[in-house]
Structures are given as C-alpha cells and as structure tokens.
Amino acid sequence: MKAKLDKKKLLKKSAKPLLIVLSALLILSLTAVVFTYQLPVELEIKRNIASYKQEATYTCVAKLHPNIIYETTILPLKDKVFLRLVKNINVTFTYSFKSSPLGENTSIVYEPRFIVESPGLWSKSFNLQEPIKVNSTIFTYNTSINMGWVNSLIANITREIGVHTSKCEILIITDIYLSTNLAGRNLTKHFTPMLRLTLEYGSGIITISGLSHEDKSTITETNRREAYLQAFGFTVKVSDARMISQSLSIASIAALGFMLFMVKPKLGEQNKLKTLIKKYSDIIIDVDEPPNTSSLIRVNSLKDLFKIAQGIEKPVLHVNKGEIEEFYVVGGSDTYYYSYCLLYTSPSPRDLSTSRMPSS
C-alpha cells in the first residue's frame, strides 16, 4: 500500500508541473512557428557585375550680325541670346559610351532630327541625316541652323493657318540605338538626347536648354541561397527551423491532450465529491482517528454513506489522513465507510482495513 501511495503521490505532484511545462512548450513552439514562417526560406543576393554610362553634349556657337552689345560676330551659346542678332547657329554633337568591363561587339546607330514647332499648335520635322552606323563608342556630327530660313518657315505657316504665335521652338533630337555584349549580357538601349532652342518673339530672346545628357546604370546578378538564423548559439536553416517548431508544436499538443485526458475525468470526480461534502457539511464531524468497531462495511459511494447517516440519524465522521479522505458512519457494532484518495484513486477495503483500522 505504501509503495502504491508513494507512486500515486509522485504522479500527483508531477502532473501539475508537467502540464505547466507542456503549456509553456506549446506557446514557445507556436511562437517559433509564427516567427519562422515570417522569415524567407531563400535569400536573393544581388551583386554588381557591370556598369555603363552614355554621355552626350551639344555645343552651340552663334554667328551674329554686326552688333554693339557683344562686340563680336561669333558667340558660344550657353543659356540665351538676342533673337534679332542671330544669323546662324552651328551645333556640334558629341557622344561617348563607357562601360566596365569593356563591352564586346558594340554597335551604335544614330539618326539626327530637326523639328520646328509652335507648342500645342503645329510641328514640322526634318531628318538631318539618314541613319548612320558606327563601330565605335565615340562619334561626333555637326549641323547648322539658318535662322533666316527658320523665321521664314514660321512666318509662312503663321500666314497659312491665320494664327499668330509668340513662341516657337527648335528641337534637335539625336536617336541613338546601342547594342553591346556586357559581362555576358546582351544590352540594347535607346538614348534620345535633345537640344531645345526656345524663340520668345515677345521678349526677342532665344533660350537654350538640353546641352548635356547622361544615361548610366548598373547591371546586377541575382543569386539565391538558403536562409539561416541564429538560435541558442547554433546556425539553423530557416526551413529546418520551421520543421522543428512544427514538430514541437504537434508533440506538445499531443502530450498536453493526453495529460488532460488522463487528469480531467478524475478531477471532475473529485469536484463532484467536494460539492457533495459541502451539501452535507452540517452532519460532518472532523475527528483524528477512525472509530473502532468489530465490523467494517464499505459502501459504493459517498452519497450512499450520507443516505445511511440520515437513515439512522448518525453523524458522518471525517478523518483526514494526508492523501486519503475517510468518512465513517457508526451504527451499533457496524461501521460504514467510504474513502477516496487525492491521487484520484480509492484504496481497496483490504488496504484500508490493514493499514488504518485496528483489528477487533
């Protein structure tokens, strides 16, 4: 009996801490599941494998009528000039392509265009040259704008449409088509540097913009590798961490469910007994020792014992023996009893009579 009680006592004492441990493990594992599923399984590692830059510049030099203000008939243009003084504007276009590493099989085709327009009203486009192919990364071309011809074109169109305009623009656009092999990649680019000359007839000024242009970029290579995380001093794959946290969650749920299945019914039985004892508390008397009679009769339930006590109008004697609660009703030479163990099991009548009841 003592060995049984020791085993049961150990079970009881370990049940609650084990439930706490399993609950804490479940919470931690579920937290780990949520955390690991927020992490990517794979990482994208980008590295630069090449870079390139296209540069284009327009240089403008105006040929002027004899004048007082500039005291010269050749004037480099940077921002503006008086419209009435300009006879011609000579434009030099320069282009260069640079890359690291050097591009292979580089081919460049360019086509310059000349446009005269009144923004929002009309536009006239002219090809300065046919498309030209160069097998070099640098090229230059020159063109000249005859301002007399431009002013005559604008005047003729104005008379033709009957709409006067106070602002026109001259655009020189160079369409550049680049094709090269850079770091094993085929690179195709369309670059369109544009020079803009704005003719303000109201103020008599030519405004210049778009003298320099640049197009540069970097070519990257993306590699994928498995993601890792640090856990308790160890480096673990994110995919393995997911599997481990899931396994721990499943094991914790299973163990916790088994413990609750084993403990909950017995706890429910004890709660019923406590409710019954509270109901009949007015006829229960606490004593230190069980009664000494010649006959010991065990009843099947505590409720039956209370019925006997009420039938013979006797009190119920209660003895608390540590892990075992004992209840007695004495009727003459017979003693009726019921006992239950706080470890969820009741001792047998034989164990009770040999360990707790004196012989007659």
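Residues numbered from 1 in each chain as written. Predicted model: local features only at pLDDT ≥ 70, side-chain atom pairs only at ≥ 80, totals over all residues. Heavy atoms only, no water.

Enquirer: So what's going on with a nonpolar patch on the surface? Residues and values would help.
Expert: A cluster of nonpolar residues, L25, M243, I244 and L248, forms a patch on the protein surface that exposes about 340 Å² of accessible area. Top contributing element to the nonpolar patch by residue count: helix α3 (residues 238-279), with three residues. On the secondary structure map, L25 appears in helix α1 (residues 2-37). (Patch = residues over 30% accessible without salt bridge, like charges linked within 9 Å, V, L, I, M, F, W, Y side chains within 5 Å. Areas by Shrake-Rupley, 256 points an atom, 1.4 Å probe, with all protein chains shown as cover. Salt bridge = Lys/Arg side-chain N within 4 Å of Asp/Glu carboxyl O. Helix = DSSP H or I, 4+ residues; strand = E, 2+ residues; numbered from the N terminus.)

Enquirer: Before we move on, can you summarise the sheet that holds strand β16 (residues 284-286) with the specific residues and values?
Expert: Sheet strands pair via backbone hydrogen bonds, and the direction of the pair is either parallel or antiparallel. Read from one edge to the other, the open sheet built from five strands follows the order β16-β18-β19-β20-β17, with strand pairing classed as mixed. Each edge of the open sheet is held by one strand with a lone partner, namely β16 and β17 (295-298). Between one strand axis and the next, the sheet turns by 30° as a mean value, whatever way the strands run. As defined by bridge partners, strand β19 (residues 324-331) adjoins strand β20 (residues 334-341) across eight bridges and the pair is classed as antiparallel. Among the inter-strand pairings, G331 is bridged to a residue of β20, identified as D334. Set on the sheet, helix α4 (residues 302-312) makes contact with β16, β18 (316-321), β19 and β20; between it and β19 the angle comes to about 30°. (Pairing = 2+ DSSP bridges. Axes fitted to C-alpha atoms, helices over the stretch in contact; angles between N-to-C directions. Contact = heavy atoms within 4.5 Å.)

Enquirer: Any details on the packing of aromatic side chains? Residues and values, ideally.
Expert: Centre-to-centre distance and the angle between the planes together describe a pair of aromatic rings. Taken as a whole, this structure holds 14 aromatic pairs when the rule is applied. The interplanar angle of 10° and the centroid separation of 5.6 Å between the aromatic rings of Y110 and Y141 together place this pair among those described as stacked. Within this pair, whereas Y110 is found in strand β5 (residues 104-118), its partner Y141 is found in strand β8 (residues 138-146), the two being separated by 31 residues in sequence. The class of Y141 is buried, set by a relative accessible area of 4%. These aromatic residues form a ring-pair network of at least three members: Y58, F93, Y95, Y110, F139, Y141 and F191. For the cation-ring pair, R242 lies above Y37, with the distance from its terminal atom to the ring centre recorded as 4.3 Å. (Phe/Tyr/Trp six-rings, centres within 6.5 Å; stacked < 30°, edge-to-face > 60°. Buried < 20%, exposed > 50% of the residue type's maximum accessible area, 1.4 Å probe, protein only. Lys NZ or Arg CZ within 6 Å of the ring centre and 35° of its normal.)

Enquirer: Pulling in residues and values, what's your account of the environment of L187?
Expert: By the element assignment, L187 lies in strand β10 (residues 185-191). Separated by 81 residues in sequence, L187 and T106 place their C-alpha atoms 9.4 Å apart.

Enquirer: Account for the pattern of salt bridges, with residues named and values stated.
Expert: Summed over all chains, the structure comprises eight salt bridges. Here R196 ties to E169 by a salt bridge, and the two come within 2.7 Å at their closest N and O atoms. Residue R196 is found in strand β11 (residues 194-200), and its partner E169 is found in strand β9 (residues 167-182); the two are separated by 27 residues along the sequence. Given a relative accessible area of 26%, R196 falls into the partly exposed group. With its nearest N and O atoms 3.0 Å apart, the salt bridge here joins K237 to E226. Of this pair, K237 sits in strand β15 (residues 234-237) while E226 is found in strand β13 (residues 212-226), placing the two residues 11 residues apart along the sequence. Residue classification places K237 among the partly exposed positions, given a relative accessible area of 28%. If you follow the salt bridges from partner to partner, you end up with E42, E44 and R224 in one network.

Enquirer: Go over the layout of surface pockets, please, and point to the residues and values.
Expert: In this approach a probe as big as a water molecule rolls over the atoms, and the regions it shows empty are the leftover space. By volume, the largest pocket is sized at about 390 Å³. Contributing to the lining of the largest pocket are 15 residues, with A32, A231, F232, A241 and S245 lying nearest its centre. Counting residues per element, the ones that place at least two in the lining of the largest pocket are α1, β14 (228-231) and α3. The biggest single contributor to the lining of the largest pocket is α1, with seven residues. (1 Å grid on protein atoms, 1.4 Å probe; cavity = no way out; pocket = protein on both sides within 12 Å on 5 of 7 lines; lining within 4 Å. Points joined across faces, edges and corners; volume = space filled by probe spheres on them.)

Enquirer: Describe the nonpolar core, naming the residues involved and giving the relevant values.
Expert: Counting residues in hydrophobic clusters, the biggest one holds 47 residues, and the most contacted among them are I89, Y95, F139, I145, M147 and L199. In terms of residue count, strand β1 (residues 42-64) provides more of this core than any other element does, eight residues in total. Once residues within four sequence positions are removed from consideration, Y95 is found in contact with Q54, E55, A56, I108, T137, I138, F139, I176, L178 and F191. If you look at the next biggest cluster of nonpolar residues, it comprises 15 residues, including L273, I277, L305 and V316. (Core = buried A, V, L, I, M, F, W, Y, C linked by side-chain atoms within 4.5 Å.)

Enquirer: Now, about the pairing of β14: what can you tell me, with residues and values included?
Expert: Summarising the sheet, β14 and β15 pair through four bridges and their orientation is antiparallel. Following the sheet pairing, A231 is matched in β15 by F234. Once β14 ends, the chain turns through two residues before running back antiparallel as β15, passing F232 with a positive phi of about 55°.

Enquirer: Talk me through the environment of I161; I want residue IDs and the actual numbers.
Expert: For I161, the location among the structural elements is in helix α2 (residues 147-161). Relative accessible area serves as the criterion here: at 41%, I161 is assigned to the partly exposed category. In the structure, I161 is positioned 40 residues away from L121 in sequence and 9.9 Å away in space, judged by C-alpha atoms.

Enquirer: Please give an account of the side chain of S29 that cites residues and values.
Expert: Secondary-structure assignment places S29 in helix α1. Take S29: its relative accessible area is 3%, and that puts it in the buried class. Filtering out sequence-adjacent residues up to four positions away, S29 remains in contact with S245, L248, S249 and S252.

The quantities given are spatial measurements derived from coordinates; they are silent on function.
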